[in-house]
Amino acid sequence: MANIRALPLTSLETSLLFGKRRVLVKNTSTISFTETHFLRQSIPTGIVPSRTPKGTGSVSCSSATEKASSTFEDVSPEVRTLTWNWKGYSIRYQCAGTSGPALVLVHGFGANSDHWRKNTPILGKSYRVYSIDLIGYGYSDKPNPREFGGKPFYTFETWGDQLNDFCLDVVKDEAFFICNSIGGLVGLQAAVSKPEICRGLMLINISLRMLHIKKQPFIARPFIRSFQNLLRNTPVGKLFFKSIAKPETVRSILSQCYHDSSQVTDELVEAILKPGLEPGAVDVFLEFICYSGGPLPEDLLPLVKCPVLIAWGEKDPWEPIELGRAYGDFDAVEEFVVLPEAGHCPQDEKPEMVNPLIESFVARHSKSSTALARDI
């Protein structure tokens, strides 16, 4: 166990099972961000989509930093921490801002709304911003998955429903979903389930789900199920969780997925680790790492009716950008933006790049509103 504790979870699972697989995707040329052509997604109503070339851009470190520097000098709105009762469960969320379009920020695996602490107050100057703890994570309730009669509970369908209900009950408006890692699958699922709620999707280093059962050789699938059964139904799983739920191990994992390891601060380590030590967290952890079914990004993207922007930290060691570029070919995706010198969580590692990119995306698609609030 000591030989594998420092590995990131996605790399750990992959190395234990099959090793890394290489997939060839089409190369996409890179142009400057200012020269990018934007392709708006047309909802299927008989309208012929524009044939304008879709954009592939990269954010300039200097220009993004310069813009962010002036932004950070302004007074940020207060970030409030509140709870919402969803189906009898307590859900924590944070919010900032009182005007403008609504943004809902969705975290990735093992994280929580604190992972957006460098984004929520800044974006709250211009927008109504909400960052939510998905059920099972952060300081939201963590119901035992065994209480649901063998039916999977921690799925993208569950979280997608949570996200849509949050918009109806709390936001009381349609919203832009800004998502990182597996949060991108949550945002996609929500947008497909209730397209009238999602105004636009920004997917930041969305999970490729390389351990999905469909992506494994047929001969290896029984081994996957045996490995998952070992983790979920024997003491091995809890011993494994105990071995990684330590400050030094969490720091090591984060240092691998952040390109700039100086951004892995004591504050970040505590923000990730502390809620992970709450009762029930181990059962959620084991349930999800054994979840090899459900939708893939490539399953959901063809069904999305809102504009999608994909941003990718070019130094992500867990979700390689070479594979991620293939998602830029889907009709709903108007742009694929490369974030230089950033790892798997650019919103926290490079907020000076990500915040202006979010603002630009939202501004482009905020000229009109469907006034969902009047129907709620």
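Note that the structure is predicted; figures quoted are calculated from it, not measured. (Residues numbered from 1 in each chain as written. Predicted model: local features only at pLDDT ≥ 70, side-chain atom pairs only at ≥ 80, totals over all residues. Heavy atoms only, no water.)

Asker: Could you give an account of the nonpolar core, with specific residues and numbers?
Answerer: Core analysis: the largest hydrophobic core is formed by 54 residues, its most contacted members being Val104, Trp159, Phe177 and Leu201. Of the residues forming this core, the biggest block, seven residues, is contributed by helix α4 (residues 156-171). Those residues in contact with Val104, other than ones at most four positions away along the chain, are Tyr130, Ile132, Leu163, Phe166, Cys167, Val171, Ala175, Phe176, Phe177 and Ile178. With 24 residues, the next largest nonpolar core counts Phe240, Val264, Trp318 and Cys345 among its residues. (Core = buried A, V, L, I, M, F, W, Y, C linked by side-chain atoms within 4.5 Å. Buried < 20%, exposed > 50% of the residue type's maximum accessible area, 1.4 Å probe, protein only. Helix = DSSP H or I, 4+ residues; strand = E, 2+ residues; numbered from the N terminus. Contact = heavy atoms within 4.5 Å.)

Asker: Requested: an account of the environment of Leu273, with residues and values cited.
Answerer: Position of Leu273 relative to the elements: it lies in helix α9 (residues 266-276). For Leu273, a relative accessible area of 11% puts it in the buried group. Remark: the alpha-carbon pair of Leu273 and Ala245, spanning 28 residues in sequence, is separated by 6.8 Å.

Asker: How would you explain the pattern of salt bridges if you had to name every residue and give the values?
Answerer: Between side chains of opposite charge, pairing is possible as soon as their charged atoms come close. A complete count under the given rule lists eleven salt bridges for this structure. For Arg364, the salt bridge identified is with Glu335, shortest N-O distance 3.5 Å. Pair noted here: Arg364 is in helix α14 (residues 351-364) and Glu335 is in strand β10 (residues 333-339), with a separation of 29 residues, a long-range link. Both residues of the pair, Arg364 and Glu335, belong to the buried class. A cluster of three or more residues bridged by salt bridges with shared partners is formed by Arg117, Lys118, Glu267 and Asp348. (Salt bridge = Lys/Arg side-chain N within 4 Å of Asp/Glu carboxyl O.)

Asker: Report on the state of the cysteines, specifying residues and quantitative values.
Answerer: Each disulfide consists of a covalent bond between the sulfur atoms of two cysteine residues. With the rule as written, the count across this model stands at zero disulfides. Free cysteine: Cys167, not disulfide-bonded; nearest cysteine sulfur from Cys198 at 8.1 Å. (Disulfide = S-S within 2.5 Å.)

Asker: Run through helix α8 (residues 247-257), naming residues and quoting values.
Answerer: Every buried residue belonging to α8 is among Thr249, Val250, Ile253, Leu254 and Cys257, and all of these are buried. What you see down the axis of α8 is that its buried residues fit within an arc of 130°, all on one side. At its buried positions, α8 is contacted by α7 (235-244) and α9. (Arc of directions from axis to C-beta.)

Asker: Residues and numbers for the side chain of Gln189, please.
Answerer: With respect to the secondary-structure elements, Gln189 resides in helix α5 (residues 183-193). Judged by relative accessible area, which is 10%, Gln189 ranks as buried. Setting aside anything within four residues of it in sequence, one finds Gln189 in contact with Phe156, Glu157, Gly160, Pro295 and Leu300.

Asker: Describe in detail the environment of Ile272, supporting the description with residues and values.
Answerer: Inspection of the secondary structure puts Ile272 in helix α9. The contacts of Ile272, once residues within four sequence positions are left out, are Gly110, Ala111, Asn112, Val250 and Leu254.

Asker: Before we move on, could you go through the pairing of strand β6 (residues 128-132) and cite the residues and values that matter?
Answerer: For β6, a buried count of five out of five residues is recorded, marking the element as mostly surrounded by other parts of the structure. Side-chain alternation along β6 places Arg128, Tyr130 and Ile132 on one buried face and Val129 and Ser131 on a second face that is also buried. Pairing between strand β4 (residues 89-96) and β6: four bridges, direction antiparallel. Note on β6: the bridge partner recorded for Ala96 is Val129. Of the strand pairs in this sheet, strand β5 (residues 102-106) and β6 are connected by five bridges, and their pairing is parallel. When the bridges of β6 are listed, Val104 appears paired with Tyr130. (Pairing = 2+ DSSP bridges.)

Asker: Tell me about the packing of α7 against helix α10 (residues 281-289), residues and numbers included.
Answerer: It is at 10 Å that the axes of α7 and α10 come closest, and there the two elements cross at 110°. It follows that α7 is roughly perpendicular to α10 by the angle criterion. Counting all contacts with α7, which are made through Gly237, Lys238, Phe240, Phe241 and Ile244, the residues of α10 involved are Ala281, Val282, Asp283, Phe285, Leu286 and Ile289. For the contact of α7 with α10, the residue count by class is eight nonpolar, one polar and two charged. (Axes fitted to C-alpha atoms, helices over the stretch in contact; angles between N-to-C directions. Parallel < 35°, antiparallel > 145°, perpendicular 65-115°, else oblique. Nonpolar A, V, L, I, M, F, W, Y, C, P; charged D, E, K, R; others polar.)

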